[in-house]
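Observations on the three-dimensional arrangement
For reference, the chains in residue letters:
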There are 2 protein chains.
Amino acid sequence: MRRPARTVGVLGGMGPIATHDFFGKVLAASDARTDDDHLRLIIDNNPFVPDRNAAADGGPSPGPVLAAMARGLEAAGAELLAMPCNAAHAWADDIRAAVRIPFVHMIEETAVAVRAATPQARRVGVLAADAALKNRLYETALEAAGYEALTLSVADQRAFMDIIYRVKAGNVDAALRAEMRSCAERLLAEGAEAIVAGCTEIPLALAPGDITAPLIESTTVLAQRVVVLARAD
Amino acid sequence: MRRPARTVGVLGGMGPIATHDFFGKVLAASDARTDDDHLRLIIDNNPFVPDRNAAADGGPSPGPVLAAMARGLEAAGAELLAMPCNAAHAWADDIRAAVRIPFVHMIEETAVAVRAATPQARRVGVLAADAALKNRLYETALEAAGYEALTLSVADQRAFMDIIYRVKAGNVDAALRAEMRSCAERLLAEGAEAIVAGCTEIPLALAPGDITAPLIESTTVLAQRVVVLARAD
């Protein structure tokens, strides 16, 4: 058994299937041989956070609910927070302002991981939900790291969002997987040298081997980073 | 969207992979088309609960830690508690004494499910961890329901526990699956007409179609029951 690791609080439920996927990726990243090699995780799987994409269109803000969840996780004993939903990172400041414990920022960590995975690339394709794009979450992080960020056309983005909602409905089949792969391939055709899976529903329908270029999955990046930080001295 | 369902608190981490499996089974049982069709779950995945099997041999009791987890989940907003670990139900009284909210008892629910699945059966084979057997958790529940409970011989139980710890280590492969199936088949050879998967690691290595008799999985029973009770008026 390693030294006691920090307890990780997870702001989840956005959506629940993606949170379940993140949980599994944390377990895998823990490289555990016994139960107590794993991390203590407190997961608030809350599917009632106001819709991030609707909020980007003027709907109710998820900020207050996310801040309350963060405070609840801190009160329950969390020493580190993570949120497996990219779009919700538009309200990261509300979370950070609500607690004293560190918040591991999925998008900043993913930009770092892009550099490690594809040091030579200049143009990176970003698949992300409307709220993430409207708030330029990945564009800002990638441009700060020296990349050009490519995103889907308006029509293709509409098709991508339709796929995401079908994933949330549990309707992942071969046809849906092909459509998701096609979204990534359009960005590659436009010159992207790597693809960021910047929405936590994407890995439920697209795997790294499915496309010819590197696929950097934000869910996996966050899971691996959480394990490292929870165990850090 | 249905009427707001109750928030479910999960005493988890015993082990973490089994808790992840339970989470997935709750998602599947929720039959959701959108994120907010799902339940709010607060999962305390705590792999540092004192070992249940060691406790049955005189080691430290998990009772106080389980009681503290239950109180923490109630304070975080849980309105219903569930614990996807059969052996830990030997300390169910400590949990119930610690909180005001209902605790859904996995073993009692599984005994009810056995009746629904195999109304004609008389003899039911039980695969369960040492701590569950030493405390006669399933024997008591099944005998109260009119069944005879069959368990493994001492030597076979030792082999079964070895399989369970290999599942916890993430070592599920075809050979391990065959060994797990063989444990179930020994109980069938002794006259069992159905098998209870009375340890939450079992479904990670044995599926209902793997044996010729009905397999009643306590994890699935608890997941389905939690969804029903969370949504009940």
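Just so you know, the residues in each chain are numbered from 1, in the order the chain's sequence is written. To label them, take the chains in the order written and letter them from A, then take the ligands in the order written and number them from 1. Two thresholds apply to this predicted model, a pLDDT of at least 70 for residue-level local features and 80 or more for giving and counting side-chain atom pairs, whereas whole-chain, interface and lining totals are computed over all residues. Only hydrogens and water are set aside; all other atoms, that is, all heavy atoms of the structure, feed into the side-chain values.

1. Description of the overall build of chain A
Helix and strand counts for chain A stand at 10 helices and eight strands. With respect to the three principal axes, the spread of C-alpha positions in chain A is 45 × 40 × 35 Å. By residue count, 58% of the 233 residues in chain A fall in the buried class. Pairs at least 24 apart in sequence give 73% of the contacts found in chain A among residues at least 6 apart. Helix and strand definitions here come from DSSP, where helices need a minimum of 4 consecutive H or I residues and strands a minimum of 2 consecutive E residues; each element is numbered from the N-terminal end. Three labels apply to residues, based on accessible area from a 1.4 Å probe with only protein chains included: buried if under 20% of the type maximum, exposed if over 50%, partly exposed otherwise in between. Note on contacts: a residue pair qualifies if any of its non-hydrogen atoms lie within 4.5 Å across the two residues.

2. Remarks on the relation of the copies chain A and chain B
Only residues with pLDDT of at least 70 in both copies count here: their C-alpha atoms drive the least-squares fit that superposes the copies. If you rotate chain A by 180° and push it 0.0 Å along the axis, it lands on chain B with an RMSD of 0.0 Å. Put plainly, the chains are arranged around a two-fold axis. Minimal C-alpha separation from the rotation axis in chain A is found for A:Ile43, amounting to 2.5 Å. Taken together, the interface assignments show that 100% of the residues at the interface of chain A recur at the interface of chain B, consistent with an identical surface on both copies.

3. Considerations on the packing of helix H5 (residues 106-117) of chain B against helix H10 (residues 218-231) of chain B
All names here are of chain B. Note on method: axes are straight lines fitted to C-alpha atoms, helices fitted across the in-contact stretch only, with angles between N-to-C directions ranging 0 to 180 degrees. Packing of H5 against H10 brings their axes to within 9 Å, and their N-to-C directions diverge by 100°. For the element pair H5 / H10, the angle class is roughly perpendicular. In contact with Met106, Glu109, Thr110 and Ala113 of H5, H10 contributes Ser218, Thr219, Val221, Leu222 and Arg225. Oblique is the label for any angle not covered by the other classes, which are roughly parallel (under 35 degrees), roughly antiparallel (over 145) and roughly perpendicular (65 to 115).

4. Overview of the nonpolar core
Definition of nonpolar core: a set of buried residues of the types Ala, Val, Leu, Ile, Met, Phe, Trp, Tyr and Cys, connected through side-chain atoms within 4.5 Å. Core analysis: the largest hydrophobic core is formed by 140 residues, its most contacted members being A:Leu11 and B:Leu11. When near neighbours in sequence (up to four residues on either side) are disregarded, A:Leu11 contacts A:Asp44, A:Leu66, A:Met69, A:Ala70, A:Leu73, A:Leu81, A:Ala82, A:Met83, A:Pro84, A:Ile95 and A:Phe103. A:Leu80, A:Ala223, B:Leu39 and B:Met106 belong to the second largest nonpolar core, which has 36 residues in total.

5. Considering empty space enclosed by the protein
All names here are of chain B. The method works on a 1 Å grid over the protein atoms by themselves. A cavity is a set of points holding a 1.4 Å probe that cannot get out, a pocket is an open set with protein on both sides within 12 Å along at least five of seven lines, and residues with an atom within 4 Å of a point line them. Grid points are joined across faces, edges and corners, and a volume is the space filled by probe spheres set on the points. Here the structure, examined in full by the defined rule, presents three cavities of 30 Å³ or more. Taken as a whole, the largest cavity holds about 130 Å³ of empty space. Along the walls of the largest cavity sit 15 residues, with Arg52, Asn53, Cys85, Ala129 and Lys168 positioned nearest its centre. Counting only elements with at least two residues in the lining of the largest cavity, the list comes to helix H2 (52-56) and helix H8 (154-168).

6. Overview of the sheet that holds strand S2 (residues 41-45) of chain A
When DSSP finds at least two bridges between two strands, those strands are taken to pair. Strand order in the open sheet formed by eight strands is S4(A)-S3(A)-S1(A)-S2(A)-S2(B)-S1(B)-S3(B)-S4(B), and the pairing between neighbours is mixed. Where the open sheet ends on each side, the last strands, each with one partner, are strand S4 (103-104) of chain A together with strand S4 (103-104) of chain B. Pairing between strand S1 (residues 8-12) of chain A and S2(A): five bridges, direction parallel. Across the sheet, A:Gly12 pairs through a bridge with A:Asn45, a residue of S2(A). Packing against the sheet, helix H10 (residues 218-231) of chain A makes contact with S1, strand S3 (80-82) and S4 of chain A, and its axis sits at approximately 180° to S3(A). Where helix H3 (residues 63-75) of chain B meets the sheet, it contacts strand S1 (8-12), strand S2 (41-45) and strand S3 (80-82) of chain B, and its direction lies at approximately 155° from that of S1(B).

7. Section: the interface of chain A and chain B
Between chain A and chain B, the contact holds 31 residues from the first and 31 residues from the second. Both faces considered, chain A and chain B share a buried interface measuring about 2,700 Å² in area, 55% of it formed by carbon and sulfur atoms. Salt bridge criterion: a side-chain nitrogen from Lys or Arg within 4 Å of a carboxyl oxygen from Asp or Glu. Linking chain A with chain B are six salt bridges. Two N or O atoms form a polar contact when they lie within 3.5 Å of each other; inside protein one atom must be a possible hydrogen donor and the other a possible acceptor, and for residues adjacent in sequence the pair counts only when both atoms belong to side chains. Our enumeration of links across chain A and chain B arrives at 16 residue pairs in polar contact (both at pLDDT 80 or more). The term buried area refers to how much accessible surface (probe radius 1.4 Å) is lost by two components on association, counted for both of them together.

8. A look at the state of the cysteines
Residues and elements named next belong to chain B. The disulfide criterion is simple: two cysteine sulfur atoms within 2.5 Å. Tallying each qualifying case throughout the model produces zero disulfides over all chains. We note that cysteine 85 lacks a disulfide partner, and the nearest cysteine sulfur, in cysteine 199, lies 7.1 Å from it. The class of cysteine 85 is buried, set by a relative accessible area of 6%. Of all cysteine sulfurs in the structure, the one in cysteine 199 sits closest to cysteine 183, which takes part in no disulfide; the separation is 11 Å.

9. With respect to the domain arrangement of chain A
Residues and elements named next belong to chain A. The domain boundaries here were taken from an automatic or database domain assignment. Taken as a whole, chain A is organised into domain 1 (8-106 + 221-231) and domain 2 (107-217). For domain 1 versus domain 2, the distance between C-alpha centres works out to 20 Å. On the domain 2 side, the residues contacting the 23 residues of domain 1 number 27 residues. Of the roughly 1,900 Å² buried at the junction of domain 1 and domain 2 (both faces included), carbon and sulfur atoms supply 55%. Three residues stand out in domain 1 for area buried against domain 2, namely Asn53, Asn86 and Val221, and they jointly supply 31% of the buried area on that side. Joining domain 1 to domain 2, the criterion identifies three salt bridges.

10. Quick word on the sheet that holds strand S5 (residues 123-128) of chain A
Residues and elements named next belong to chain A. As summarised here, the arrangement of the four strands in space is S6-S5-S7-S8, forming an open sheet in which the pairing is parallel. This sheet does not close on itself; its edge strands, each paired only once, are strand S6 (148-150) and strand S8 (215-217). Recorded for the sheet is a direction-independent mean angle of 30° between the axes of neighbouring strands. Direction of pairing for S5 relative to strand S7 (residues 194-198): parallel, over a ladder of five bridges. Bridge pairing in S7 places valine 124 opposite alanine 194. Its contacts with the sheet put helix H5 (residues 106-117) on S5, S7 and S8, and the angle it makes with S8 is roughly 150°.

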